[in-house]
Amino acid sequence: MSKDILNQKLTNEVSSIFDQVDVVVGYCGSNNPLMVNPCFIEEKEGLDQLIFNQLCINNLASYAYKLSKRIKGNIAMVVKPCDSKAIAQLISEGLIERDKFKLLAVQCPGVLDHKKITKALKGARVFSLNIGADKIEVETATGTQELTKDEFYADKCYWCKIYNKPPLHDIFIENDQKFSLEPRDRFEDIQDLEKMSLDEIFSYWQQEFERCIRCYACRNICPLEVCQDQCIVHLDYPNWQSQKVDADENKFFQMIRVMHLAGRCVECGECERVCPQNIGLLKLMKKMNQIIGDIFDYEAGMDIEAKPPLLTYKTLEKNIKEEEL
Amino acid sequence: MMTEQIKENKGQAQKEEVRIVAFLCNWCSYAGSDAAGTARLRQPENLRIIRVPCSGRINPLFILKAFAMGADGVLVSGCHPNDCHYSDGNFYARRRLEVLKEYLPFIGIDKRRFAYQWVSASEGQKWQRVVVNFVKRIKSINGE
């Protein structure tokens, strides 16, 4: 029943501010029991569709920049605490206006990754899904199965520390479903890679990018990559990127993304989620964020007043040791 | 992207030479390397120099692209901090280049293959030292 109470709260909060906004961006149900859809509600009648549950893995901040350009009035957005980081980062860079957004942050119990569930079910068709306190009950073509919930959270949830304190919000909606994971080390998954020798790590990435089909889904979903229409991979001159799809070119495309997002990526994991080839793209970003954190002591999206480190400088850099040749 | 291509390209070009791409700031380092030339200081011939208006003009992707095209090493040189012709270009550059340098090992490139240095227009001697040492270093990484 707890789910219904939350949804009721959410609908109440949204309808209380509905007069001040032009559109509400939130989640609503879909045909696939493993997924929810993002929805854009402009009429008051539509508000009943709004839901929030543990399947709401999408980062709605991906729509923030384009919507803010298209819509004259204000935008209400349902966000998880981690998603509000992306909005905060966009504001700190001056890409969107603070006043335009009404953020309804929902206390997050962690979200489930449908890719992992599908994998555990070996691709069986799912008819219905029931999320319990620590079990997931799935009804498939072959019968009902119970899965332990702890294994199926999205990767980002395992190190999340801000599930109950979003860096930026207007309304905070409490949830009686509690967050149950012990926070792990944020850079756990890149540690294995860092232990490898240069040749090993080189061939690791080569293998990963063999698979890439350069569909640009990772770029298109990213909430912070706002210059998609003028993306340098589409330029004829200067010719940064050829149309050839091979490991070298694909890797170079990711390098463009890494450099572009240096000190800006909020690690929402959307690039990895939408990747049709399951390439571990977030590892590339995490390494960059780790470096930025070490050198400039900065984490993206935590403070709308802080300037992203590569957009500013200090005359004396404490943590940069220049080498003398 | 990188080492395979380097090896491949090396087969076609002169075998013994390492190839280094150098990005030099128009106002200090380019003049500095010129000064080294006028003073007849001997330098290795491995450098291909690209003149840029300021070290702040350098996009970290220039360096990655140079590696992707088969360079053995990349050298960036600009004005000393506080001496920038545009007052703060090299401060921005320093942050970007440092971040890139720390990142290189993660994609399988030895970070010693990339260096950034500050050389002013009058430092012909320093320029010679930088080039000689950098070429020596790249050669030792390549195992020559």
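Quick caveat: nothing in here was measured; it's all calculated off a predicted structure.

Quick notes on the rules
- Residues numbered from 1 in each chain as written.
- Chains lettered and ligands numbered in written order.
- Predicted model: local features only at pLDDT ≥ 70, side-chain atom pairs only at ≥ 80, totals over all residues.
- Heavy atoms only, no water.
- Contact = heavy atoms within 4.5 Å.
- Salt bridge = Lys/Arg side-chain N within 4 Å of Asp/Glu carboxyl O.
- Polar contact = N/O pair within 3.5 Å; in protein donor to acceptor, adjacent residues only side chain to side chain.
- Helix = DSSP H or I, 4+ residues; strand = E, 2+ residues; numbered from the N terminus.
- Nonpolar A, V, L, I, M, F, W, Y, C, P; charged D, E, K, R; others polar.
- Axes fitted to C-alpha atoms, helices over the stretch in contact; angles between N-to-C directions.
- Parallel < 35°, antiparallel > 145°, perpendicular 65-115°, else oblique.
- Left-handed = near helix turned anticlockwise from the far one by under 90°.
- Buried < 20%, exposed > 50% of the residue type's maximum accessible area, 1.4 Å probe, protein only.
- Arc of directions from axis to C-beta.
- Disulfide = S-S within 2.5 Å.
- Phe/Tyr/Trp six-rings, centres within 6.5 Å; stacked < 30°, edge-to-face > 60°.
- Pairing = 2+ DSSP bridges.

Colleague: Explain the interface of chain B and chain A to me, and be specific about the residues and the numbers.
Modeller: The partner chain A presents 42 residues to the 42 residues of chain B that form the contact. Taken together, chain B and chain A are joined by six salt bridges. A salt bridge links Arg 94 of chain B to Glu 322 of chain A; the nearest nitrogen and oxygen atoms lie 3.1 Å apart. For the pair chain B and chain A, the interface holds 16 residue pairs in polar contact (both at pLDDT 80 or more). Breaking the side of chain B that touches chain A down by element, the ones donating at least two residues are α1 (3–12), α3 (60–68), α4 (89–103), β4 (114–118) and α5 (124–142) of chain B. Ranked by residues supplied to the side of chain B that touches chain A, first place goes to α4 of chain B with 11 residues. Its residues placed into classes, the side of chain B that touches chain A shows 22 nonpolar, seven polar and 13 charged.

Colleague: A description of the packing of helix α8 (residues 247–260) of chain A against helix α10 (residues 281–296) of chain A should follow, citing residues and the corresponding values.
Modeller: In a pair of packed helices, the angle between the axes and the distance between the axes together describe the arrangement. Residues and elements named next belong to chain A. Two elements in contact, α8 and α10, have axes separated by 10 Å at closest approach and are oriented at 40°. Classified by the angle their axes make, α8 and α10 are oblique. Considering the relative orientation of α8 and α10, their crossing is right-handed. Facing α8, whose interface residues are Gln 254, Met 255, Arg 257, Val 258 and Met 259, α10 presents Leu 281, Leu 284, Met 285 and Met 288. Among the residues making up the contact of α8 with α10, the classes are represented as seven nonpolar, one polar and one charged.

Colleague: For helix α2 (residues 29–38) of chain B, give the residues involved together with the corresponding values.
Modeller: Residues and elements named next belong to chain B. Of all the residues in α2, the buried ones are Ser 29, Gly 32, Ser 33 and Ala 36. All buried residues of α2 lie within an arc of 95° about the axis, which places them on one face of the element. Exposed residues lying more than 90 degrees from the buried face of α2 are Asp 34 and Thr 38. In this structure, the buried side of α2 is in contact with β1 (20–25), β2 (47–52), β3 (73–78) and α5. The first or second residue beyond α2 is Arg 40, which carries a positive phi of 60°.

Colleague: Go over the state of the cysteines with me, naming the residues and quoting the values.
Modeller: A full pass over the atoms with the stated rule returns one disulfide over all chains. Shown here is the disulfide that connects Cys 28 of chain B with Cys 79 of chain B, its sulfur atoms set 2.4 Å apart. On the sign convention where negative is left-handed, the bridge of Cys 28 of chain B and Cys 79 of chain B, at about 100° about the S-S bond, is right-handed. Of this pair, Cys 28 of chain B sits in the loop between β1 and α2 while Cys 79 of chain B sits in the loop between β3 and α4, and the two are 51 residues apart along the sequence. Grouping residues by exposure puts Cys 28 of chain B and Cys 79 of chain B together as buried. Here Cys 227 of chain A stays free of any disulfide, with the sulfur of Cys 231 of chain A as its closest cysteine sulfur at 6.6 Å.

Colleague: Account for the pattern of salt bridges, with residues named and values stated.
Modeller: Counted according to the given criterion, the structure contains 21 salt bridges over all chains. With its nearest N and O atoms 2.9 Å apart, the salt bridge here joins Arg 273 of chain A to Glu 270 of chain A. Here Glu 270 of chain A and Arg 273 of chain A lie together in helix α9 (residues 270–274), a separation of three residues that amounts to about one turn. Judged on exposure class, the residue Arg 273 of chain A and its partner Glu 270 of chain A are both buried. Overlapping salt bridges bring together Glu 323 of chain A together with Lys 101 and Arg 137 of chain B as one network.

Colleague: Explain the packing of aromatic side chains residue by residue, including any values.
Modeller: Going through the model one piece at a time under the given rule, you end up with 17 aromatic pairs over all chains. With 5.8 Å between their ring centres and 15° between their planes, Trp 240 of chain A and Phe 62 of chain B make a pair best called stacked. In this pair, Trp 240 of chain A sits in the loop between α7 (217–221) and α8 while Phe 62 of chain B sits in helix α3, so the two residues belong to two different chains. The two residues Trp 240 of chain A and Phe 62 of chain B agree in class, both being buried.

Colleague: Tell me about the packing of helix α6 (residues 198–210) of chain A against α8 of chain A, residues and numbers included.
Modeller: Residue and element names in this part refer to chain A. Across the interface, α6 lies against α8 with an axial gap of 8 Å and an inter-helix angle of 100°. Overall, the two elements α6 and α8 adopt an arrangement that is roughly perpendicular. Seen from α6, the contacting residues are Phe 202, Trp 205, Gln 206, Phe 209 and Glu 210; seen from α8, they are Ala 247, Asp 248, Asn 250, Lys 251 and Gln 254. Each residue belonging to the contact of α6 with α8 can be placed in one class, and the counts come to four nonpolar, three polar and three charged.

Colleague: Give a description of the sheet that holds strand β8 (residues 171–173) of chain A that names residues and reports values.
Modeller: Residue and element names in this part refer to chain A. Pairing within the open sheet is mixed, and its five strands lie in the order β2-β1-β3-β4-β8. Each edge of the open sheet carries a strand with a single partner, namely β2 (36–41) and β8. In this sheet, neighbouring strand axes are inclined to one another by 25° on average, regardless of whether the strands run parallel or antiparallel. Relative to β2, strand β1 (residues 23–29) runs antiparallel, the two being bridged by six bridges. Among the inter-strand pairings, Cys 28 is bridged to a residue of β2, identified as Asn 37. Sitting on the sheet, helix α3 (residues 81–92) touches β1, β3 (75–79) and β4 (101–106), and the angle it makes with β3 is about 140°.

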